[in-house]
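Residue-level structural notes
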Amino acid sequence: MGSYIGISTIFVLCLVGFSANAHEVFNVNAPPGSDITQALLKAFTAACQCTAPSRVVIPKGEFKLCEIIMTGPCKAPIEINLLGTLLADGSNIHHGKDKWVVFRKINGFKLNGGGTFDGEGSAAWRVNNCHKTSNCKKLPISIRFDFVTNAEIRDISSVDSKNFHVNVIGAMNMTFDNVKILAPAESPNTDGIHLGRSDGVSIINSRISTGDDCISVGDGMVNLLVKNVVCGPGHGISIGSLGRYPHEQNVRGIKVINCTVQETDNGLRIKTWPTAACSTVASGIHFEDIILKNVSNPILIDQEYCPWNQCNKQKSSSIKLIDVSFTNIRGTSGNKDAVKLLCSKGYPCENVVVGNINIEYTGRDGPATFMCSNVKPRLVGIQNPKACNTPPVLTQPK
Ligand SMILES: *[C@@H]1O[C@H](CO)[C@@H](O)[C@H](O)[C@H]1NC(C)=O
Ligand SMILES: *[C@@H]1O[C@H](CO)[C@@H](O)[C@H](O)[C@H]1NC(C)=O
Ligand SMILES: *[C@@H]1O[C@H](CO)[C@@H](O)[C@H](O)[C@H]1NC(C)=O
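Quick caveat, the model's predicted, so the values are computed rather than measured. (Residues numbered from 1 in each chain as written. Chains lettered and ligands numbered in written order. Predicted model: local features only at pLDDT ≥ 70, side-chain atom pairs only at ≥ 80, totals over all residues. Heavy atoms only, no water.)

**Topic: the overall build of the chain**
From N to C terminus, the chain includes two helices and 28 strands. A globule of 398 residues ought to have a C-alpha radius of gyration of about 21 Å, and the chain, at 23 Å, matches this closely. When its C-alpha atoms are laid out on the principal axes, the chain stretches across 70 × 45 × 40 Å. Among the 398 residues that make up the chain, the fraction classed as buried is 54%. Excluding contacts between residues fewer than 6 apart, the proportion of contacts in the chain whose partners are at least 24 apart in sequence is 75%. A total accessible area of about 17100 Å² is found for the chain, and carbon and sulfur atoms account for 52% of it. Averaging the coordinates of the 39 positive side-chain charges in the chain and doing the same for the 32 negative ones gives two points 4 Å apart. (Helix = DSSP H or I, 4+ residues; strand = E, 2+ residues; numbered from the N terminus. Rg over C-alpha atoms; globule rule 2.2 N^0.38 Å. Buried < 20%, exposed > 50% of the residue type's maximum accessible area, 1.4 Å probe, protein only. Contact = heavy atoms within 4.5 Å. Areas by Shrake-Rupley, 256 points an atom, 1.4 Å probe, with all protein chains shown as cover. Lys, Arg positive; Asp, Glu negative; His and termini not counted. Charge placed at Lys NZ, Arg CZ, Asp CG, Glu CD.)

**A few points about the UniProt feature "active site" (unreviewed entry) in the chain**
Annotation from UniProt places "active site" (unreviewed entry) at His235. The topology assignment puts His235 in the loop between strand S18 (222–231) and strand S19 (237–242). Note on His235: relative accessible area 23%, which makes it partly exposed. Those residues within four positions of His235 in sequence are excluded, and the remaining contacts are Gly211, Asp212, Asp213, Cys214, Thr264, Asp265, Asn266 and Arg269. Within polar-contact distance, the side chain of His235 engages the backbone oxygen of Gly211 at 3.2 Å. (UniProt positions renumbered as here; feature names shortened; annotations may be inferred. Polar contact = N/O pair within 3.5 Å; in protein donor to acceptor, adjacent residues only side chain to side chain.)

**Overview of the side chain of Lys271**
With respect to the helices and strands, the residue Lys271 is situated in strand S21 (residues 268–272). Lys271 sits in the buried class, given a relative accessible area of 5%. Other than its neighbours up to four places away in sequence, Lys271 contacts Asp213, Ser238, Ile239, Gly240, Ser241, Leu242, Asp302 and Tyr305.

**Describing the site of ligand 1**
In the neighbourhood of ligand 1, the contacting residues comprise Asn150, Ala151 and Asn173. Contact distances for ligand 1 include 2.7 Å between an oxygen atom and a backbone N or O atom of Asn150. Contact distances for ligand 1 include 2.4 Å between an oxygen atom and a side-chain N or O atom of Asn173. (Near = heavy atom within 4 Å.)

**Some words on the state of the cysteines**
Taken as a whole, this structure holds four disulfides when the rule is applied. Covalently, Cys48 is tied to Cys74 through a disulfide, its sulfur atoms 2.2 Å apart. One disulfide, between Cys48 and Cys74, carries an S-S torsion of -100° and so falls in the left-handed class. Pair noted here: Cys48 is in helix H1 (residues 37–49) and Cys74 is in the loop between strand S5 (68–71) and strand S6 (78–82), with a separation of 26 residues, a long-range link. (Disulfide = S-S within 2.5 Å.)

**Regarding the environment of Cys372**
Turning to its location among the elements, Cys372 is positioned in strand S27 (residues 369–373). You can call Cys372 buried: its relative accessible area is 13%. In the structure, Cys372 is positioned 16 residues away from Cys388 in sequence and 5.1 Å away in space, judged by C-alpha atoms. If sequence neighbours within four positions are ignored, Cys372 has contacts with Leu341, Pro377, Cys388, Thr390 and Pro392.

**A few points about the packing of aromatic side chains**
The full count for this structure, using the stated rule, is six aromatic pairs. Ring geometry for Phe103 and Phe109: centres 4.9 Å apart, planes at 40°, overall tilted. A relative accessible area of 1% means that Phe103 is categorised as buried. Following the ring pairs from residue to residue traces out a cluster consisting of Phe103, Phe109, Phe145 and Phe176. (Phe/Tyr/Trp six-rings, centres within 6.5 Å; stacked < 30°, edge-to-face > 60°.)

**With respect to the nonpolar core**
One finds Phe103, Phe109, Phe145, Phe176, Phe326 and Leu341 to be the most contacted residues of the largest nonpolar core, which totals 96 residues. Setting aside residues no more than four positions away along its own chain, Phe103 makes contact with Met70, Ile80, Phe109, Leu111, Ile143, Arg144, Phe145, Asp146 and Val148. (Core = buried A, V, L, I, M, F, W, Y, C linked by side-chain atoms within 4.5 Å.)

**Digging into the sheet that holds strand S23 (residues 299–302)**
One open sheet holds the 11 strands; their spatial order is S5-S8-S11-S13-S15-S17-S19-S21-S23-S25-S27, and the pairing between them is parallel. Two strands bound the open sheet, and with one partner strand each, they are S5 and S27. The mean angle between the axes of side-by-side strands here comes to 15°, regardless of whether they run parallel or antiparallel. Pairing geometry for S5 and strand S8 (residues 99–104), over four bridges, is parallel. Across the sheet, Thr71 pairs through a bridge with Arg104, a residue of S8. (Pairing = 2+ DSSP bridges. Axes fitted to C-alpha atoms, helices over the stretch in contact; angles between N-to-C directions.)

**What about the pattern of salt bridges?**
Using the criterion set out here, one finds 12 salt bridges in the structure. Close ionic contact of Glu79 with Arg55 constitutes a salt bridge, the shortest N to O distance being 3.6 Å. Note that Glu79 is positioned in strand S6 and Arg55 in strand S3 (residues 54–58), a separation of 24 residues in sequence. A salt bridge links Lys271 to Asp213, with the shortest nitrogen-to-oxygen separation between them at 3.8 Å. Of the two residues, Lys271 is situated in strand S21 and Asp213 in the loop between strand S16 (199–209) and strand S17 (215–217); the sequence distance between them amounts to 58 residues. (Salt bridge = Lys/Arg side-chain N within 4 Å of Asp/Glu carboxyl O.)

**Considerations on H1**
In this model, H1 (13 residues) spans 19 Å end to end at C-alpha, consistent with the 18 Å of a helix rising 1.5 Å per residue. Taken together, the buried positions of H1 are Thr37, Ala39, Leu40, Ala43, Phe44, Ala47 and Cys48. Seen along its axis, H1 keeps its buried residues to an arc of 165°; they face one direction. Turned more than 90 degrees away from the buried face of H1, the exposed residues are Gln38 and Lys42. (Expected span 1.5 Å × (residues − 1). Arc of directions from axis to C-beta.)

**Quick notes on the pairing of strand S9 (residues 107–112)**
As paired strands, S6 and S9 are joined by four bridges and run parallel to one another. When the bridges of S9 are listed, Glu79 appears paired with Lys110. As defined by bridge partners, S9 adjoins strand S12 (residues 149–159) across four bridges and the pair is classed as parallel. Bridge pairing in S12 links Phe109 to Ala151.

Set out below in structure tokens:
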């Protein structure tokens, strides 16, 4: 109470014609432990009005932050330097809010500084049942990027999100570099980075350990590069699920290169719903130079994805997979089903390449298996286990 919270600008006004490279700096000044929501919003709003590039600095220390939506368009590029830690309200789980920090409609955006977004999720995880039913309480996604373009997110951490850590939609030309994402393996629905309906996103040099997919790719994603990422624990790197909703868009150009996947349920996965509500194409999906460490279901195409029996498995998926490759994948599997390529009966996979796979399984129910259905993969180099050595288990009555 009564403590001074405000913003100070080093250059008092930002209307003056500085040279294009000068940065107007807006410091968010607040006592440690205080709620900086209003001060940050004020700083952002002022920076957004600058005609020269500007920077908002959140200092070292811990601060509380309530739901905040930082919306452009801004008059010039904007950078947010997060040096400290932002804490969401851990008890605030009964208000049905579905987002915590939102960056929206900003062109020319940087977020960096080594700081942390702490979603304080542990109380929320206990009430999260959205993976079992769609009639559930919405929990906030920690950081949303909605229609943000030409952006660089660097040296930032997200811990203990209540729901997804990061959600990206409508992005163009966005890079995540040296991002750290951390939540316990048991935390439900805490996807690391979920992306959809975006073009030209890179996730590089990053570390993701969480309770759900490290990276999940939704419909309409084109040109995604994932490189030098270590994933696990978690549910691996996943394209999909696709086909759950009508009006979904095609997925195209996904490259996952030089990544390590460790101690995860699922490694490299493409999943589509059987009774898909739409007919789309997912093409140009390439996984290359991947190390697996004790990964359950390391390589998986699952066109019968139907968690919690929310669909009719009798119908085959109408999502067509074309031009998919798994190349130079090596390491250990946590279960015997090392490779499963289960494609749609109605829309078999086309042009699937499997090159140089060496996956070991040391369990007693071994050896490792490689199942194929509705797909004839083109084989290059060595395959261990031997490709298509096991008939798929029929999951549906004829
Ligand atoms: C992509 O975004 C970065 C960071 O904002 C920028 O430096 C670069 O010029 C952009 N590239 C293109 C092709 O617009
Ligand atoms: C592959 O990724 C690891 C980190 O996971 C990194 O240390 C290494 O330099 C990368 N190699 C190449 C060729 O990019
Ligand atoms: C592999 O992962 C499982 C859990 O999926 C764990 O129980 C087991 O101890 C791990 N094995 C090794 C060798 O780390």
